[in-house]
Amino acid sequence: MRVFKILGNSNLFAATALVGMGVSATAHAQSDIVRHNEATFPIASAIEVPAGYSTIFLSGMGAPIINPKAPAKSLDAYGNTAMQTEGALKRIEGTLKGMGLTMGDVVQMHIFMVADPQTKKLDFDGMMQSYTKFFGTKVQPNLPVRSAFGVAQLANPGWLVEIEVVAVRPSHH
């Protein structure tokens, strides 16, 4: 396990997040957040957030309709797993932006996935293809802790993916 961020102010108390749980901060305050990252996979294994950060919980979001001519709530209306993951992450990004936050402020993510009806399998690779456009990049290097779940179904029968996140910000913002 490697630590990529070092706690900047030793006077701040840090709450240690359990593996699979965590919270993050805005880009300008990221030096206060400690992200423990495995070198081989683009998720954090644990995140420590200092006291005084506010925690923002976003409800699960699925993809927007990409084909309005397709039957409502159908797979054709929303696309494959990669397209749906990217669409859901763009919706999350827009919601965070409206709150003055970025994807770099996300500290925890849950991805709920349904098997593709054609292959009868979860398209984990398709999800990762889109996930890595938003996390672990040169522009946005901060990684959240993350869990991905295979579920029987989601509320919208056309969705293959639903994503919920937790973000944080310093209390002085």
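Refer to the preceding data block for the structure.
Structure report, in brief. Computed from a predicted structure; not experimentally measured.

Conventions used here
Residues numbered from 1 in each chain as written. Predicted model: local features only at pLDDT ≥ 70, side-chain atom pairs only at ≥ 80, totals over all residues. Heavy atoms only, no water. Core = buried A, V, L, I, M, F, W, Y, C linked by side-chain atoms within 4.5 Å. Buried < 20%, exposed > 50% of the residue type's maximum accessible area, 1.4 Å probe, protein only. Helix = DSSP H or I, 4+ residues; strand = E, 2+ residues; numbered from the N terminus. Contact = heavy atoms within 4.5 Å. Expected span 1.5 Å × (residues − 1). Phe/Tyr/Trp six-rings, centres within 6.5 Å; stacked < 30°, edge-to-face > 60°. Lys NZ or Arg CZ within 6 Å of the ring centre and 35° of its normal. Salt bridge = Lys/Arg side-chain N within 4 Å of Asp/Glu carboxyl O.

## Thoughts on the nonpolar core
Reasoning step 1: Membership of the largest hydrophobic core comes to 34 residues, with the highest contact counts inside it found for Ile92, Phe135 and Ile163.
Reasoning step 2: Mapped onto this core, the elements with two or more residues apiece are strand E4 (44–50), strand E5 (53–61), helix H2 (81–98), strand E6 (106–113), helix H3 (124–131) and strand E8 (161–170).
Reasoning step 3: At 6 residues, E8 tops the list of elements feeding residues into this core.
Reasoning step 4: Aside from chain neighbours lying at most four places away, what touches Ile92 is Leu58, Met61, Met103, Ile163 and Val165.

## A word on H2
Reasoning step 1: With 18 residues, H2 should reach 26 Å at 1.5 Å per residue; the first-to-last C-alpha distance of 26 Å fits that figure.
Reasoning step 2: For H2, the set of buried residues is Thr81, Ala82, Gln84, Thr85, Gly87, Ala88, Leu89, Ile92 and Leu96.
Reasoning step 3: At its buried positions, H2 is contacted by E5, helix H1 (75–78), E6, H3 and E8.
Reasoning step 4: Directly beyond the C-terminal end of H2, a positive phi value near 80 degrees is found at Gly100.

## Observations concerning the environment of Thr55
Reasoning step 1: Here Thr55 is to be found in strand E5.
Reasoning step 2: When the C-alpha positions of Thr55 and Val166 are compared, they lie 7.0 Å apart, and in sequence the two are 111 residues distant.

## A closer look at the packing of aromatic side chains
Reasoning step 1: All told, the structure shown has 3 aromatic pairs when counted by the stated rule.
Reasoning step 2: Judged by centre distance (5.0 Å) and plane angle (20 degrees), the rings of Tyr131 and Phe135 are stacked.
Reasoning step 3: Among the residues examined, Phe135 registers a relative accessible area of 1% and is labelled buried.
Reasoning step 4: Here the guanidinium or amino end of Arg146 rests over the ring plane of Tyr131, the centre of that ring lying 4.5 Å away.

## Considering the pattern of salt bridges
Reasoning step 1: For the structure shown, the criterion picks out 2 salt bridges.
Reasoning step 2: A salt bridge links Glu86 to Lys90; the shortest N-O distance between them is 3.3 Å. Of the two residues, Glu86 and Lys90 are both situated in helix H2; the distance of 4 residues between them amounts to about one turn of the helix.
Reasoning step 3: Look at Lys90 and you get partly exposed, because its relative accessible area is 47%.
Reasoning step 4: Here Lys133 makes a salt bridge to Glu86, at a shortest N to O gap of 2.9 Å. Here the residue Lys133 occupies a position in the loop between H3 and strand E7 (145–150), and Glu86 occupies one in helix H2, the gap between them amounting to 47 residues.
Reasoning step 5: The class for Lys133 is partly exposed, based on a relative accessible area of 48%.
Reasoning step 6: Each of Glu86, Lys90 and Lys133 takes part in a single network of salt bridges with overlapping partners.

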